[in-house]
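Here are the chains, one letter per residue:
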Amino acid sequence: QVQLVESGGGLVQPGGSLRLSCETSGLSLDDYSIGWFRQAPGEERVGIACSSRSDYSARYASSARGRFTISRDNVKNMAFLQMNGLKPEDTAVYYCATDGSWLAGCVLESVEYEYWGQGTQVTVSS
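This one's a predicted model, so the numbers in the text were calculated from it and none came from an experiment.

A. Spotlight on the environment of Leu108. On the secondary structure map, Leu108 appears in the loop between strand E9 (92–99) and strand E10 (115–116). Along the chain, Leu108 and Tyr60 lie 48 residues apart, while their C-alpha atoms are 8.1 Å from each other. Each residue touching Leu108, except ones within four places of it in the same chain, is listed here: Phe37, Gly47, Ile48, Ala49, Cys50, Arg59, Tyr60 and Ala61.

B. Structural detail: the state of the cysteines. For the coordinates displayed, the defined rule picks out two disulfides. Here Cys22 is linked by a disulfide to Cys96, with a sulfur-sulfur distance of 2.1 Å. For the disulfide bridge between Cys22 and Cys96, the dihedral angle about the S-S bond is near 65°, and by the sign convention the bridge is right-handed. Here Cys96 lies in strand E9 and Cys22 lies in strand E3 (residues 18–25), a separation of 74 residues in the sequence. In this structure Cys22 comes out as buried when scored by relative accessible area, which is 0%. When its relative accessible area of 0% is taken as the criterion, Cys96 is described as buried. For Cys50, the disulfide goes to Cys106, at an S-S distance of 2.0 Å. The disulfide joining Cys50 to Cys106 has a torsion of about 75° about its S-S bond and is therefore right-handed. With Cys50 in strand E5 (residues 46–51) and Cys106 in the loop between E9 and E10, this residue pair connects regions lying 56 residues apart in the sequence. Residue classification places Cys50 among the buried positions, given a relative accessible area of 0%. Taken in sequence order, the bonded cysteines of the protein link in the pattern 1-3, 2-4.

Calculation criteria
Residues numbered from 1 in each chain as written. Predicted model: local features only at pLDDT ≥ 70, side-chain atom pairs only at ≥ 80, totals over all residues. Heavy atoms only, no water. Helix = DSSP H or I, 4+ residues; strand = E, 2+ residues; numbered from the N terminus. Contact = heavy atoms within 4.5 Å. Disulfide = S-S within 2.5 Å. Buried < 20%, exposed > 50% of the residue type's maximum accessible area, 1.4 Å probe, protein only.

So, in structure tokens, the structure goes:
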């Protein structure tokens, strides 16, 4: 059974950093693209970053570019999201997800992803 579990969320002050982890089981991560998404209260879930299956290249939403970094460890079947310079508007539940499609690059559209974790809360506040 495929399972994804996020961890590493919590309360952090503006300008601080967090590293989120995504542990996967029931799959070989090198066969999947990995994406990070977030959903703030009262808003839709949006893509933040992804790492492609084909060449492991990364794509970032404009809100994350320059502050967030996605990485992966295919041996451990884990993915990570390093978040620096956090802002109050980054407050959301963060999800990891996998996409088994063979694409030239990864996408930031939720509909393209098959498996999802339950999310981890990130709160940026003084």
